[in-house]
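Analysis of the macromolecular model
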Amino acid sequence: MSTVVDIRNLGVEFATDAGRVTAVDGMNLTVAPGEILAIVGESGSGKSVTAKTILGLLPDTALTSGAVLLSNREGQDTHDVVQLTGERLREVRGRDVAMVFQEPSTALNPVYTVGWQIAEGIRAHGRIGRRQAKNMAVDILRRVGIPDPEKRVDYYPHQFSGGQKQRVVIAMALVLNPGLIVADEPTTALDVTVQAEILDLLRRCRDEFGTAIVLITHNMGVVADLADRVVVMYQSKLVEQADVETLFSSPREEYTRTLLGSVPRLGNGADRGPAPAPHSELGTPVVEARDLQIEYPGRLGVPAFRAVQGVTFTVAPGEVLGLVGESGSGKTTIGRAIAGLTPVTGGSLSVLGHEMLGIRESDFRPVRSEIGFVFQDPATSFNPRLTIAECVAEPLVVHGRAKDAGAARSRVDELLEAVHLPKAFGSRFPHELSGGQRQRASLARALALEPTLLIADEPTSALDVSVQARVLELFRELQQQFGFAALFISHDLAVVDMLADRIAVLLKGQLIEVGAGADVLGAPRHPYTRRLLASLPVPDPVEQRARRAELHRLRSTE
Amino acid sequence: MVFRSATAEQQTPRKPSLFSRLPVVAQLRQSVGLQRGMLIAGVVLTGMFVLCALLAPLIAPYGFAQSRVDGVAFGRQEPPSAENIWGTTVGGYDVFSRVIWGTQTALAVVVIAVVLSIFLGVILGLVSGYLGGWLDRILVVIADAIYPFPTLLLAIVMSIVITGGQSSLIGGILSAAISITVIFIPQYFRVVRSEVVRLKAEAFVESAKVIGASTRRIMFLHVLRNATRTLPLIVTLNASEAILTLAGLGFLGFGIAPTSAAEWGYDLNRALADTASGIWWTGVFPGVAIVLFVLGLTLVGESVNDISDPRLRARKRLKKKKDVSA
């Protein structure tokens, strides 16, 4: 059987400050022509390093052993990429193997037109005239679905949307018609609806161009949607490899089963327990927004940007409201406004009985003890110079419940216990904890004063799936125990479904749908909600195929 | 190796001792190869000069303004001999003694200048960066206005303003130090301000705000402690610049009178006429002292900069392991 790439006993080690670190160990892998192979695993499992080895993109500090045999499209010419250097390596890149990066906005050079950037790749591999290269660029842009390519070939990257930028990056990868494309988390930085389009495009790459794809991802839904065969990596080693149906229906290894089990699925929210009390019976709302408007002031001559316009909703005591929307929909802005981090510019927002429109910081400060906030990125939300105990004690000290961090230690220990962290972690520094542990500590800090309202801004989107599952579980447990009201902000419908009593959907700063979780997800009224739901890939290849058809039908009717 | 570090992580991590976390010491432990060589050379050179300054009364055979011993004058421009191992100057002083005493002056100026400017610069940068508004704008304009001045010219002006051009030991050292301070404050101000502006948007500062911490608490506990990372680097680089500025002032005649203290720049100035008549020892020794002290400090500064930055830090290359399967 011919292969596009044949990885034999690959080992990669890095020289770091902590000494020798093994990133990939004894990896064996083949990719057949026209096959889509997904490599999945948690962060740090070595999946990206494996992919980069195929292009010879590892830094100087890496030591590679084994062989990566890369064949060209016709299969007559084979190179061992590990042995190639300099000019020879450059010849192979782009012609035999190309790469699609995670973040399209940084993968394109902002000072050159996209046409120039595509032509650069063409002209680096042969004597091709400027005019001819440009024609090829126009042609490839048309084929990846950029409308009006004759004109847009002269556009700069900032003139494209995120999804279109990723299309351009894919066009750059396709233009020399390589036999293999390595796509490193190609849809992670994109919204769900855009993700579905890019996945369609990648599938077309294979169908129309016959290109094999190595897909690196942590999203099992994406895997189910696109892959033919799946390789699971864990702690630098290959754990399991199987075709996609087999892997999802009967995973062999324990680790694969845990990984699949932790993926949040839509519709699992139903087992939340007894149905919550009707909304009106829960008493005075904790948060009440009426016709809320939030504007960010523009610079000189630029009109203000209206991030939130005319949004009306309430959060009742003890209720979890899930706020869903794509990037730029204003969901984070609303959360920040409730916490008093972003000023309200119009309408009315009442938080715990305080009107936020035009409130002074000194009047709001005492109210802050009633509000907890969990930030998205656990890596930056702790002061790196303070220990975890000092960080968690901070709200207690600020609001005069304890004299200093030492006096608060017994309460801090209780809190750490409540979030299932060992007491000893209190004397560690934030960087000595993993992402999931840090996010638990962040929860402990937010709950230190037993707030009546907790705002969680994408608390799990920076975490691995298996870790995410545990943090979500903890969140639900704590919510039931402490009974706080919560605003849970997320772009992931399945995550919101697990926790929220009610769900509000935002689109471009406007609230388009709000209602009980089962209603919004079960019978969405707004077409956008319907499309959002259909775009979410589910971790089941058979079901996903049906959903894909449904999404295509939805798109064509719109 | 990998195995060992994995088990070490499971135990409660031991906090490294205070000594090993000090700047320079911490970098020394991390460094390898050429970078380590540069850092060690810099530390040794700088340490030598600091020792000279501290032990000057023991090392120097004569006082810096001493031109005769036991009532017998050294003589002027005498070549190196057993009595004056590096010869004597045109003013009849012992070159070796003046070079040794000169380290004391240089070190005093460096320490005073750096301490003064670091405190003012950091406080101004912190307040300006965190509070913003009109205060920030005014301070930035002032800092920008000081920048384009040639440092030496500014130092001369300050020195005239402070002492009227002539000076005693304390007055001379202070005027030199303060004139250097004026140049350095904007540097610390800028560096700290830009760090503070960056940190202000970090999630942990916002989380402190959400908790309800007071502005002063946020500024000093959360922002300042994280904004001082680059300061050791600027301190070492500024210290070397301070020596050059001091020497420049002395060379131009705005320094300290030879009877008040020994100062290399002044000695160089006096040695200017000697070069034509083949008298090398009066100029070479103070000149070499300036070069070596500045070189030492710069080596420390540059290598600390490279080693603190994980992207520039050199690491031991991995060798192919023999296949030892455990």
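Residues numbered from 1 in each chain as written. Chains lettered and ligands numbered in written order. Predicted model: local features only at pLDDT ≥ 70, side-chain atom pairs only at ≥ 80, totals over all residues.

1. Some points on the overall build of chain A
Along the backbone of chain A there are 21 helices and 20 strands. Taken against the 2.2 N^0.38 rule, which gives 24 Å for 558 residues, the C-alpha radius of gyration of chain A at 25 Å falls within 12% of a compact globule. Taking the principal axes of its C-alpha atoms as reference, chain A extends roughly 75 × 50 × 50 Å. Put simply, chain A has 558 residues, and 47% of those count as buried. Within chain A, contacts between residues at least 6 apart in sequence are counted, and of these 68% link residues at least 24 apart. (Helix = DSSP H or I, 4+ residues; strand = E, 2+ residues; numbered from the N terminus. Rg over C-alpha atoms; globule rule 2.2 N^0.38 Å. Buried ≥ 20, exposed ≤ 12 C-beta atoms within 10 Å, placed from the backbone. Contact = placed C-beta atoms within 7 Å.)

2. Side note on the overall build of chain B
Helix and strand counts for chain B stand at 14 helices and two strands. When contacts within chain B are restricted to residue pairs at least 6 apart in sequence, those whose partners lie at least 24 apart make up 72%.

3. Remarks on the packing of helix 16 (residues 435–447) of chain A against helix 17 (residues 465–482) of chain A
Residues and elements named next belong to chain A. Running from amino to carboxyl end, helix 16 crosses helix 17 at an angle of 15°, the nearest separation of the two axes being 10 Å. It follows that helix 16 is roughly parallel to helix 17 by the angle criterion. Taken as a pair, helix 16 and helix 17 cross one another with a handedness that is right-handed. Contact residues: Gly435, Gly436, Gln439, Arg440, Leu443 and Leu447 in helix 16; Val467, Arg470, Val471, Leu474, Phe475, Leu478 and Phe482 in helix 17. Classifying every residue of the contact of helix 16 with helix 17 gives eight nonpolar, three polar and two charged. (Axes fitted to C-alpha atoms, helices over the stretch in contact; angles between N-to-C directions. Parallel < 35°, antiparallel > 145°, perpendicular 65-115°, else oblique. Left-handed = near helix turned anticlockwise from the far one by under 90°. Nonpolar A, V, L, I, M, F, W, Y, C, P; charged D, E, K, R; others polar.)

4. Digging into the pairing of strand 8 (residues 212–217) of chain A
All names here are of chain A. When you tally the buried positions in strand 8, you get six out of six residues, the bulk of the element. Side chains Ala212, Val214 and Ile216 project from strand 8 onto one buried face, and the interleaved Ile213, Leu215 and Thr217 project onto a second face that is buried too. The pairing of strand 7 (residues 180–184) with strand 8 spans five bridges and is classified as parallel. Paired with Leu180 across the bridge in strand 8 is Ala212. (Pairing = 2+ DSSP bridges.)

5. Some remarks on the pairing of strand 3 (residues 36–40) of chain A
Residue and element names in this part refer to chain A. In terms of residue burial, strand 3 counts as a mostly covered element, since five of its five residues are buried. Of the two faces of strand 3, the one lined by Ile36, Ala38 and Val40 and the one lined by Leu37 and Ile39 are each fully buried. Pairing of strand 3 with strand 8, which is carried by five bridges, proceeds in the parallel orientation. Its bridge partner being in strand 8, Ile39 is matched across the sheet by Ile216. Relative to strand 9 (residues 229–234), strand 3 runs parallel, the two being bridged by four bridges. Pairing of Ile39 across the sheet is with Val231, part of strand 9.

6. Let's talk about the interface of chain A and chain B
With 33 residues of chain A in contact, the opposing surface of chain B contributes 24 residues. Those elements that place two or more of their residues in the side of chain A that touches chain B are strand 1 (5–16), strand 2 (19–31), strand 16 (371–374) and helix 14 (388–398) of chain A. For the side of chain A that touches chain B, the leading source of residues is strand 2 of chain A, giving four residues. Taken together, the residues of the side of chain A that touches chain B sort by class into 14 nonpolar, nine polar and ten charged.

7. Quick notes on the environment of Val169 of chain A
All names here are of chain A. Relative to the elements of secondary structure, Val169 occurs in helix 7 (residues 162–174). Residue classification places Val169 among the buried positions, given that 28 C-beta atoms sit within 10 Å. Distance in space between the C-alpha atoms of Val169 and Ser461 is 24 Å, their sequence separation being 292 residues. The contact partners of Val169, leaving out residues within four places of it in the chain, are Val100, Phe101, Pro104, Ala107 and Leu108.

8. Overview of the nonpolar core
Of all hydrophobic cores here, the largest spans 245 residues; its most connected members are Val214 and Phe488 of chain A. Not counting residues up to four positions away in its chain, the partners in contact with Val214 of chain A are Val31, Leu37, Ile39, Ala51, Ile54, Leu180, Val182 and Ala183 of chain A. (Core = buried A, V, L, I, M, F, W, Y, C linked by C-beta atoms within 7 Å.)

9. Quick notes on the sheet that holds strand 18 (residues 485–490) of chain A
Residues and elements named next belong to chain A. As summarised here, the arrangement of the six strands in space is 16-17-18-13-19-20, forming an open sheet in which the pairing is mixed. At either margin of the open sheet sits one strand with a lone partner, and together these are strand 16 and strand 20 (510–516). Each adjacent strand pair in this sheet contributes to an overall mean axis angle of 15°, direction not counted. For strand 16 and strand 17 (residues 453–457), the ladder comprises four bridges, and the chain directions are parallel. Note that in strand 17 the partner of Val374 across the bridge is Ala456.

10. Observations concerning the sheet that holds strand 10 (residues 237–243) of chain A
All names here are of chain A. Across the sheet, which stays open at both edges, the six strands sit in the order 6-7-8-3-9-10 with mixed pairing between neighbours. Each of the sheet's edge strands pairs with one partner strand only, and the pair in question is strand 6 (97–100) and strand 10. If you compare each strand with its neighbour and ignore which way they point, the axes differ by 20° on average. Across the face of the sheet, helix 8 (residues 192–209) comes into contact with strand 3, strand 7 and strand 8 while running at roughly 155° to strand 8. Packed onto the sheet, helix 11 (residues 254–262) meets strand 9 and strand 10 and runs at close to 100° relative to strand 9.

11. Re the domain arrangement of chain A
Residues and elements named next belong to chain A. When cut into domains, chain A gives domain 1 (5–96 + 178–262), domain 2 (109–177) and domain 3 (268–383 + 450–528). Measuring from the centre of the C-alpha atoms in domain 1 to the corresponding centre in domain 3 gives 37 Å. Contacts between domain 1 and domain 3 engage eight residues on the former and eight residues on the latter. Broken down by element, the residue count for the side of domain 1 that touches domain 3 peaks at three residues, all from helix 11. Its residues placed into classes, the side of domain 1 that touches domain 3 shows one nonpolar, five polar and two charged. (Domains from an automatic or database assignment.)

12. Focus on the packing of helix 10 (residues 203–211) of chain B against helix 11 (residues 215–227) of chain B
Residues and elements named next belong to chain B. Running from amino to carboxyl end, helix 10 crosses helix 11 at an angle of 150°, the nearest separation of the two axes being 10 Å. By the angle class used here, helix 10 and helix 11 are roughly antiparallel. Where helix 10 crosses over helix 11, the two elements pack in a sense that is right-handed. Each of Phe204, Val205, Ala208 and Lys209 in helix 10 lies in contact with helix 11, whose residues at this interface are Ile218, His222 and Val223. Among the residues forming the contact of helix 10 with helix 11, the class breakdown is five nonpolar, one polar and one charged.

13. Describing the environment of Ile36 of chain A
Residues and elements named next belong to chain A. Topologically, Ile36 is positioned in strand 3. Here Ile36 falls in the buried class, since 23 other C-beta atoms lie within 10 Å of it. For the pair Ile36 and Val287, spaced 251 residues apart in sequence, the C-alpha to C-alpha distance is 48 Å. Setting aside residues up to four positions removed in sequence, Ile36 forms contacts with Arg206, Ile213, Leu215, Leu226, Ala227 and Asp228.

14. As for helix 12 (residues 331–338) of chain A
Residue and element names in this part refer to chain A. A large share of helix 12 lies buried, amounting to eight of its eight residues. Along helix 12, the residues classified as buried are Lys331, Thr332, Thr333, Ile334, Gly335, Arg336, Ala337 and Ile338. Two residues or fewer past helix 12, Gly340 is found with a positive phi of approximately 75°.

15. Describing helix 7 of chain A
Given 3.6 residues per helical turn, the α-helix brings residues three or four places apart onto the same face. All names here are of chain A. Between its terminal C-alpha atoms helix 7 stretches 18 Å, which fits the 18 Å expected from 13 residues at 1.5 Å a residue. In terms of residue burial, helix 7 counts as a mostly covered element, since eleven of its 13 residues are buried. Those residues of helix 7 that fall on the buried side of the exposure criterion are Gln164, Lys165, Gln166, Arg167, Val168, Val169, Ile170, Ala171, Met172, Ala173 and Leu174. At its buried positions, helix 7 is contacted by strand 6, helix 3 (104–107), helix 4 (114–123), helix 5 (130–143), strand 7 and helix 8. (Expected span 1.5 Å × (residues − 1).)

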